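# Descriptive analysis of the structure
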Amino acid sequence: MVRNAIVVGGGIGGLTAATALAQRGVAVTLTEQAPEITEVGAGLQISPNGLAVLRALGLEQALDRRGAVQAEAVVLEDFRKGRQVARLDLRRLQGQRYLFVHRADLVAVLVRAAQEANVSIELGRRAVAVVPAPLSEVRYEDGSAARAELVVCADGLHSVGRESITGPTTAQFTGQVAWRALVPNPEKEPIAKVTMGPGRHVVRYPLRGGDMTNIVAVQEREAWAEEGWHQSDDPANLRAAFADFGDPVRALLAAVEEVKLWGLFRHPVAETWVKHSAALLGDAAHPTLPFMAQGANLALEDAWVLARVAVTGDDLSRYQVLRRARAARVVSAASGNAWKYHLRPGPVRWAAHRALSMGSRLAPGVMMSQFDWIYRHDVTD
Ligand SMILES: Cc1cc2nc3c(=O)[nH]c(=O)nc-3n(C[C@H](O)[C@H](O)[C@H](O)COP(=O)(O)OP(=O)(O)OC[C@H]3O[C@@H](n4cnc5c(N)ncnc54)[C@H](O)[C@@H]3O)c2cc1C
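Everything numeric here is computed off the predicted structure, so don't read it as measured data.

A tally of regular secondary structure across the protein gives 13 helices and 20 strands. In terms of overall dimensions, the protein is globule-like: its C-alpha atoms have a radius of gyration of 21 Å, near the 21 Å expected for 381 residues. Along the first, second and third principal axes, the C-alpha atoms of the protein reach 60 × 40 × 35 Å. Expressed as a percentage of its 381 residues, the buried residues of the protein come to 57%. In the protein, 75% of the contacts between residues at least 6 apart in sequence involve partners at least 24 apart. Accessible surface for the protein amounts to roughly 16,000 Å². Of this, 50% is attributable to carbon and sulfur atoms. Counting 43 positive and 40 negative side-chain charges, the protein places the centres of these two groups 6 Å from one another.

What follows is the structure, given as structure tokens:
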């Protein structure tokens, strides 16, 4: 059994792994590069598979207290006048909850849980290398180093541990960018709405008890954009890209005052997740396009499984055996999903929308059950 661990990265995956390990009696140090643990002002869809982990850690009610919105449906709309094309009824998830959560709220809940489980959180500590070994080592920018029986690389897309564990990998620009913004919420329904236009779509859903709306707007384009939330953009660019969308999207975009732009890249899922006592987790192992809203949910699943394997005394490689195929399947489903929202006017779009519309009216259960393999997967069982 692992007795001590260093977790590199205090995002959703790292905080969850640290908490899950510490709750099982492992002495955990979490090192985060930022001077404080914060999150971008944006929303997150937590589906039943991710929520199962938060519930098992005892955190579901804390999320509810912070105004998590329980989703009732996902509605697909046409871009011109917002005509409904299809509706996925999330109440058919039978007792399972699908939540819209503010990322900062989830992170605050996780930080508190980590502190209560006695995780030692060290801020402003940027790792520059991870050296996998029977006692793996983390080297920091300030010249210090530390070793542990388990080193968890939960340091996201640009992980410093990824190369030393799995070797070099390259990412490919998908030709798509995503803008993100929060605006006051004019629509109170607990519904995610996906408005589909040619080469573009906009997703919006309510946050914090319905006080705000989270907007993710995706456009196919050739101009490259950086991968990460550091790049601000002029809201006028967002409005121009969706100028031919009708209300209510147009009115929502008119209210945007601040917006971030993220270039969407396709990354291979890491071939090797575990080397000696170092392991990759979350986006460090399997960066995921946002089209299934599963990146953070997969990180939650990883965290639970890694903690369980680490304390049962199993070989750590069991973690990869339990996780890689599932993560790869979700990543591939997300990669294959965008085109469905972006069809150009013409017979293919007409037929696809008609099939969706008929499917959601005549066989709503079948529409929903195609996602069972994602949502009903409970790693805590
Ligand atoms: C447009 C968009 C929408 C999305 N929507 C959803 C959604 O609705 N649902 C969902 O499940 N997922 C969603 N995702 C994906 C989700 O945001 C990520 O998969 C998730 O945040 C990954 O968590 P992580 O902990 O692995 O990495 P991160 O959240 O990136 O955390 C990594 C942490 O490590 C720290 N760090 C980095 N390098 C170092 C270093 N060298 N030393 C120390 N610390 C370091 C960082 O500061 C950060 O705190 C979306 C993504 C995008 C782009």
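Taking strand neighbours across the sheet as the criterion, the six strands line up as β8-β2-β1-β12-β20-β19 in an open arrangement whose pairing is mixed. Since the sheet does not close on itself, it has two edges, and those belong to β8 (120-122) and β19 (274-275), each with one partner. Here strand β1 (residues 4-8) runs beside strand β12 (residues 150-153); their pairing, made up of four bridges, is parallel. By the bridge assignment, Val 8 is partnered in β12 with Cys 153. Across the sheet, helix α1 (residues 12-23) touches β1, β2 (27-31) and β12, and the angle it forms with β2 is around 165 degrees.

At a minimum axis separation of 8 Å, α1 and helix α8 (residues 295-312) run at an interaxial angle of 25 degrees. It follows that α1 is roughly parallel to α8 by the angle criterion. Helix-helix and strand crossings are classified by hand; for α1 and α8 the assignment is right-handed. Contacts from Ile 12, Gly 13, Thr 16, Ala 17, Ala 20 and Leu 21 of α1 reach α8 at Ala 296, Ala 299, Leu 300, Ala 303, Ala 307 and Ala 310.

Our next topic: the domain arrangement of the protein. Parsing the protein into structural domains produces domain 1 (4-72 + 99-170 + 267-335) and domain 2 (172-265). Averaged C-alpha coordinates put domain 1 and domain 2 at centres separated by 27 Å. Taken together, the contact between domain 1 and domain 2 spans 25 residues of the former and 24 residues of the latter. For the pairing of domain 1 and domain 2, the buried interface totals around 1,800 Å² over both sides, and the portion due to carbon and sulfur atoms is 63%. Of all residues in domain 1, Phe 100, His 102 and Phe 291 give up the largest surface area on contact with domain 2, accounting jointly for 26% of the area buried on that side. At the surface where domain 1 touches domain 2, the tally comes to one salt bridge. Two residues, Arg 208 and Asp 105, come together in a salt bridge whose shortest N-O distance is 2.8 Å. Scanning the region where domain 1 abuts domain 2 turns up eight residue pairs in polar contact (both at pLDDT 80 or more). For the side of domain 1 that touches domain 2, the per-class residue count stands at twelve nonpolar, nine polar and four charged.

This brings us to the sheet that holds strand β10 (residues 136-140). What the three strands build is an open sheet, ordered β9-β10-β11; its pairing is antiparallel. Each edge of the open sheet carries a strand with a single partner, namely β9 (127-131) and β11 (145-148). Adjacent strand axes in the sheet meet at a mean angle of 20 degrees, parallel and antiparallel pairs treated alike. In this structure, β10 lies alongside β11, joined through four bridges in antiparallel fashion. Opposite Ser 136, over in β11, you have Ala 148 as the bridge partner.

What counts, and at which threshold
- Residues numbered from 1 in each chain as written.
- Predicted model: local features only at pLDDT ≥ 70, side-chain atom pairs only at ≥ 80, totals over all residues.
- Heavy atoms only, no water.
- Helix = DSSP H or I, 4+ residues; strand = E, 2+ residues; numbered from the N terminus.
- Rg over C-alpha atoms; globule rule 2.2 N^0.38 Å.
- Buried < 20%, exposed > 50% of the residue type's maximum accessible area, 1.4 Å probe, protein only.
- Contact = heavy atoms within 4.5 Å.
- Areas by Shrake-Rupley, 256 points an atom, 1.4 Å probe, with all protein chains shown as cover.
- Lys, Arg positive; Asp, Glu negative; His and termini not counted.
- Charge placed at Lys NZ, Arg CZ, Asp CG, Glu CD.
- Pairing = 2+ DSSP bridges.
- Axes fitted to C-alpha atoms, helices over the stretch in contact; angles between N-to-C directions.
- Parallel < 35°, antiparallel > 145°, perpendicular 65-115°, else oblique.
- Left-handed = near helix turned anticlockwise from the far one by under 90°.
- Domains from an automatic or database assignment.
- Buried area = accessible area lost by both parts, 1.4 Å probe.
- Salt bridge = Lys/Arg side-chain N within 4 Å of Asp/Glu carboxyl O.
- Polar contact = N/O pair within 3.5 Å; in protein donor to acceptor, adjacent residues only side chain to side chain.
- Nonpolar A, V, L, I, M, F, W, Y, C, P; charged D, E, K, R; others polar.

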